[in-house]
Amino acid sequence: MRVRQIVATAGVLGLLCIPAHAEDRDISRDPLPANDGWAAEGAGTTGGAAADDAHVFTVTDRAELAAALDGGSATPKIIKVAGTIDANTDADGDHLDCADYSTDGYSLKKYLAAYDPRTWGSARPSGPQEEARQASAARQAERVTLPVGSNTTIVGLRGAVLKGANLQVKNASNVIIRNLDLRDAYDCFPVWQPNTGGLGDWKTAYDTIWLTGSHHVWVDHVTLSDKGHPDEKEPTHFGRNYLRHDGLLDITGGSDLVTVSWSRFLSHDKAMLIGNSDSATADRGKLRVTLHHNEFDSVVQRAPRVRFGQVHVYNNRYVVPTDDYRYSLGVSTESGLYAQNNAFTTLGRIEVADLVKSWNGTALHDEGTLFNGFPVDLLPIHNAYNSGSERDLTADVGWTPTLHTKIDSAEAADREVARGAGAGRLP
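Residues numbered from 1 in each chain as written. Predicted model: local features only at pLDDT ≥ 70, side-chain atom pairs only at ≥ 80, totals over all residues. Heavy atoms only, no water.

Draft legend 1. Structural context of the sheet that holds strand S22 (residues 295-301). Strand order in this open sheet of 10 strands is S3-S6-S9-S14-S19-S22-S25-S28-S31-S32, and the pairing throughout is mixed. The strands lining the two open edges of the sheet, one partner per strand, are strand S3 (84-86) and strand S32 (374-376). Strand-to-strand twist across the sheet, computed as the mean angle between neighbouring axes with direction ignored, equals 20°. Pairing between S3 and strand S6 (residues 161-163): three bridges, direction parallel. In the sheet register, Asp-86 faces S6, and the bridge partner there is Lys-163. Contacting S22, strand S25 (317-320), strand S28 (343-346) and strand S31 (369-371), helix H8 (residues 410-420) crosses the sheet at an angle of about 75° to S25. (Pairing = 2+ DSSP bridges. Helix = DSSP H or I, 4+ residues; strand = E, 2+ residues; numbered from the N terminus. Axes fitted to C-alpha atoms, helices over the stretch in contact; angles between N-to-C directions. Contact = heavy atoms within 4.5 Å.)

Draft legend 2. Representation of the nonpolar core. In this structure, Ile-209 and Phe-265 are the most contacted members of the largest nonpolar core, which totals 82 residues. Apart from the residues within four sequence positions on either side, Phe-265 is in contact with Leu-224, Leu-248, Leu-249, Val-260, Met-272, Asn-294, Glu-295, Phe-296, Asp-297 and Val-299. (Core = buried A, V, L, I, M, F, W, Y, C linked by side-chain atoms within 4.5 Å. Buried < 20%, exposed > 50% of the residue type's maximum accessible area, 1.4 Å probe, protein only.)

Draft legend 3. Inspection of the layout of surface pockets at higher detail. Taken as a whole, the largest pocket encloses approximately 920 Å³ of empty space. Lining the largest pocket are 36 residues, with Thr-196, Asp-201, Trp-202, Lys-270 and Arg-302 positioned closest to its centre. Mapped onto the lining of the largest pocket, the elements with two or more residues apiece are strand S7 (166-170), strand S11 (201-203), strand S16 (240-241), strand S17 (249-252) and strand S19 (264-270). Residue classes in the lining of the largest pocket are distributed as 10 nonpolar, 14 polar and 12 charged. (1 Å grid on protein atoms, 1.4 Å probe; cavity = no way out; pocket = protein on both sides within 12 Å on 5 of 7 lines; lining within 4 Å. Points joined across faces, edges and corners; volume = space filled by probe spheres on them. Nonpolar A, V, L, I, M, F, W, Y, C, P; charged D, E, K, R; others polar.)

Draft legend 4. Expanded view of the pattern of salt bridges. Taken as a whole and assessed by the stated rule, the structure comprises 19 salt bridges. The residue Arg-244 makes a salt bridge to Glu-234 at a minimum N-O spacing of 3.6 Å. Taken together, the positions of Arg-244 in the loop between S16 and S17 and Glu-234 in the loop between strand S14 (223-225) and strand S15 (236-237) put the pair 10 residues apart, joining distant regions of the chain. For Glu-234, a relative accessible area of 11% puts it in the buried group. Its salt-bridge partner being Asp-408, residue Lys-406 comes within 2.4 Å of it at the nearest N-O pair. Among the charged side chains, a network of salt bridges with common partners joins Arg-25, Asp-30, Arg-178 and Asp-220. (Salt bridge = Lys/Arg side-chain N within 4 Å of Asp/Glu carboxyl O.)

Draft legend 5. Examining the pairing of strand S21 (residues 289-292) more closely. Residues Val-289 and Leu-291 of S21 are buried on one face, and the alternating residues Thr-290 and His-292, pointing to the opposite face, are buried as well. Judged from the four bridges that link them, strand S18 (residues 256-261) and S21 form a sheet pairing that is parallel. Its bridge partner lying in S21, Thr-259 is registered against Thr-290. Note: S21 against strand S24 (residues 310-314), four bridges, orientation parallel. Considered in S24, the bridge of Val-289 is made with Val-311.

Here it is, written out as structure tokens:
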């Protein structure tokens, strides 16, 4: 998918009201407030608040960040990111580009020649060029994949940027990530998958933030984008867009009890996947996620797409792209998506029925939705429009949210999110 940046008139006013000095106060020991979404369940989420002075770090480059993360250890720690950190750097801090990672004779030109479907067919790539791609990809992964362990808080100081990184929260708990601009988790070595989607597709390796097997995680006031290498500028190969980025924030592998608040998801194809497989029945009873006061601006799809989880989506702002748009709310296998008071704005030819897409889903609770300033009922519109191709959805998702902050009208939330969501906009 190619994403075109669009400008919403409503967003212009919001830019005039950004807090000037919010980051000057120390937020590094702040816990998630009580009742603030699923991550507040039980003992709540405190991140590295218990860290002693020896485990409070201010980091300015990749080496310092990796050392502070300590291989994803569970030691309570607070990591403050200062300035711009590039994950694609060597031990001396010098930038690494794709050519620096390439090894064993890999080149895109040779790869395309080897696995052209017209000569290779539909078999999975194998042989020297695929082996060289894997070896090259492993070299990049060694630099850009950064493990975040339990009892960790990562906060950005004023203007902090982390680019090129895959923050991986794997089998961890009690993690906070706040006030950080995360950009361009760029994959140098996508793999060709001939049988995906019937026509084949390119698969990329790195989510900007990936939660897998983790619980009690709070992501707040972050900005996630492909800034630097937008996929819309990439070519097509084998008739498919040569995407370099995977999800902005994926929550999979039985992750649970997650709150994502006041964050911005910008100019991207597949923004957020909650539950990665229809066959992952072990996810039943998990994947409980709250999304509130976030902005999804020019996101093509997955905002979010949900399998199995009880997901509360309220007071979010959607600026829908005009080109190549697929959907915003994805209703998939055994999902319980509870949507309240969200606002959608589009300057293009998008209709209300386009906002929801179902794959094997059965239910969607929706109330208080605004579309271009007018109240709409997503459920009956979806059912009427898709009656010939998808099963009707019911309104009973089997649960009612109780852990949440004040739920504003969609109109009020739209204004507040335009002003306050994203890195550098803490109140």
